[in-house]
Amino acid sequence: MEAEPKVEPPSDQWADKAWTMLTTVRRQSPLIQCITNFVSMDLMANTLLSAGASPAMLHTLEEIPHFTPHVHALCLNVGTLSADWLPSMKAAANFAFNSSKPWVLDPVAAGASGFRLNACLELIQLKPTVIRGNGSEILALSKASVQPTKGVDSSHESTDAIEAAKSLAQATGAIVAVSGAIDIVTDGKRVIGAHNGVAMMQKITATGCSVTALIAAFVAVDPSNAFEATALALSVFGVAGEMGMRLAKGPASLRMHLIDSLYGLDEASLISQVKITTFCD
Ligand SMILES: Nc1ncnc2c1ncn2[C@@H]1O[C@H](COP(=O)(O)OP(=O)(O)O)[C@@H](O)[C@H]1O
Ligand SMILES: Cc1ncsc1CCOP(=O)(O)O
Ligand SMILES: [Mg+2]
């Protein structure tokens, strides 16, 4: 049976935690290494900067042993994957895992081809802390099968992938997040939903990639609580989207206002808008 959101009053606890996390990111400014697709590099780096984190888009294999040990978290994204980038991703994931640093996987278009699916499954063997995808990506990973696909966009609602997300979390030990109208986060047992964001965020390329990087920044400052940090990052990004939308005329201006809203987000605005609920079967 499909999970239903449990009706709960807005949780001040989540809202307070969101503010604490955002201020911690701003104060600590964690260094986040991103090995990501060409489309997302700009928006991802700007999202991290506007949240107070420090992005570095380094991907050459020769640099990984020198650089990755110094980062606070790693974000791997297979959006424009080619065979020569995969060894860099694996090396970086190994360094992160061996030095107990969190790392986050964005399995962009995981079901689009055997090459991409196998690459994602091989990366998952290297123990990501969090996997964040859209509904179709999480379904493809959970079934480990190439699926009829719209490429990087989802043809499923996030809620269609709740059971798939739970099994993927149980099988891998990762926190699994499924983005969409409601962002779902599970550790394989608990399921929570972040209800922030606006539909027009789907009309800006790389918003999914960017929120995955933001998850890496939040987990970097609270690595022992990746489940909550993931939900809070999704909610904070969604709140910035909602605030940006009040000023935007379309996707291009939303992109700009989302970044400005994330940068300027204050305590009262964040606390009044965070909406995270528990799901139950
Ligand atoms: N219908 C929607 N309503 C509100 N927010 C949405 C909606 N669809 C996507 N988002 C938000 O847009 C961002 C990107 O999510 P999504 O489009 O699912 O990822 P991807 O780009 O990887 O497919 C997330 O922050 C998500 O919460
Ligand atoms: C359009 C596109 N093509 C390859 S990667 C990419 C960006 C995907 O970004 P997102 O998954 O955040 O929509
Ligand atoms: Mg994506």
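Basis of the calculations
- Residues numbered from 1 in each chain as written.
- Chains lettered and ligands numbered in written order.
- Predicted model: local features only at pLDDT ≥ 70, side-chain atom pairs only at ≥ 80, totals over all residues.
- Heavy atoms only, no water.
- 1 Å grid on protein atoms, 1.4 Å probe; cavity = no way out; pocket = protein on both sides within 12 Å on 5 of 7 lines; lining within 4 Å.
- Points joined across faces, edges and corners; volume = space filled by probe spheres on them.
- Helix = DSSP H or I, 4+ residues; strand = E, 2+ residues; numbered from the N terminus.
- Nonpolar A, V, L, I, M, F, W, Y, C, P; charged D, E, K, R; others polar.
- Near = heavy atom within 4 Å.
- Polar contact = N/O pair within 3.5 Å; in protein donor to acceptor, adjacent residues only side chain to side chain.
- Areas by Shrake-Rupley, 256 points an atom, 1.4 Å probe, with all protein chains shown as cover.
- Sits in = over half its atoms within 2 Å of the grid points.
- Buried < 20%, exposed > 50% of the residue type's maximum accessible area, 1.4 Å probe, protein only.
- Pairing = 2+ DSSP bridges.

**Student:** Lay out the layout of surface pockets in plain terms, naming residues and giving numbers.
**Tutor:** In this structure, the largest pocket spans a volume of roughly 920 Å³. Surrounding the largest pocket, 38 residues form its lining, Ser179, Met201, Gln202, Thr207 and Gly208 being those nearest its centre. Put simply, the parts of the chain that give the lining of the largest pocket at least two residues each are strand E6 (130-134), helix H8 (207-221) and helix H9 (226-245). At four residues, the largest contribution of residues to the lining of the largest pocket is made by H8. Looking at the lining of the largest pocket residue by residue, the class counts come to 13 nonpolar, 17 polar and eight charged.

**Student:** Requested: an account of the site of ligand 1, with residues and values cited.
**Tutor:** Neighbouring ligand 1 are 15 residues; Arg132, Asn134, Ser179, Asp183 and Gln202 lie closest to it. Between asparagine 134 and ligand 1, the recorded distance is 2.9 Å, taken from a side-chain N or O atom to an oxygen atom. Between serine 179 and ligand 1, the recorded distance is 2.7 Å, taken from a side-chain N or O atom to an oxygen atom. For ligand 1, whose unbound accessible area comes to 550 Å², protein coverage reaches 88%. One can see that ligand 1 is located within the largest pocket. Looking at the shell around ligand 1, the elements that each hand over two or more residues are E6 and H8. Of the residues assigned to the shell around ligand 1, the class counts are six nonpolar, seven polar and two charged.

**Student:** Tell me what's going on with the site of ligand 2, and back it up with residues and numbers.
**Tutor:** Residues in close proximity to ligand 2 include Asn37, Val39, Gly79, Thr80, Val152, Thr205, Ala206, Thr207, Gly208 and Cys209, which together make up its full environment. A distance of 2.9 Å separates an oxygen atom of ligand 2 from a polar atom in the backbone of glycine 208. Separating an oxygen atom of ligand 2 from a backbone N or O atom of cysteine 209 is a distance of 2.8 Å. Contact with the protein chains hides 79% of the accessible area of ligand 2, taken as 380 Å² for the molecule alone. Applying the majority rule of atoms within 2 Å of the grid points places ligand 2 in the largest pocket.

**Student:** How would you sum up the pairing of strand E7 (residues 175-179)? Please name residues and give values.
**Tutor:** Across the five residues that make up E7, a large majority, five, are buried. Side chains Ile175, Ala177 and Ser179 project from E7 onto one buried face, and the interleaved Val176 and Val178 project onto a second face that is buried too. Two elements, E6 and E7, share five bridges in a ladder whose sense is parallel. Each bridged residue has a counterpart across the sheet, and for valine 130 the counterpart in E7 is isoleucine 175. Where E7 meets strand E8 (residues 183-186), three bridges bridge the pair, whose relative direction is antiparallel. Within E8, the residue paired with alanine 177 across the bridge is valine 185. Count of turn residues in the E7/E8 antiparallel hairpin: three residues.

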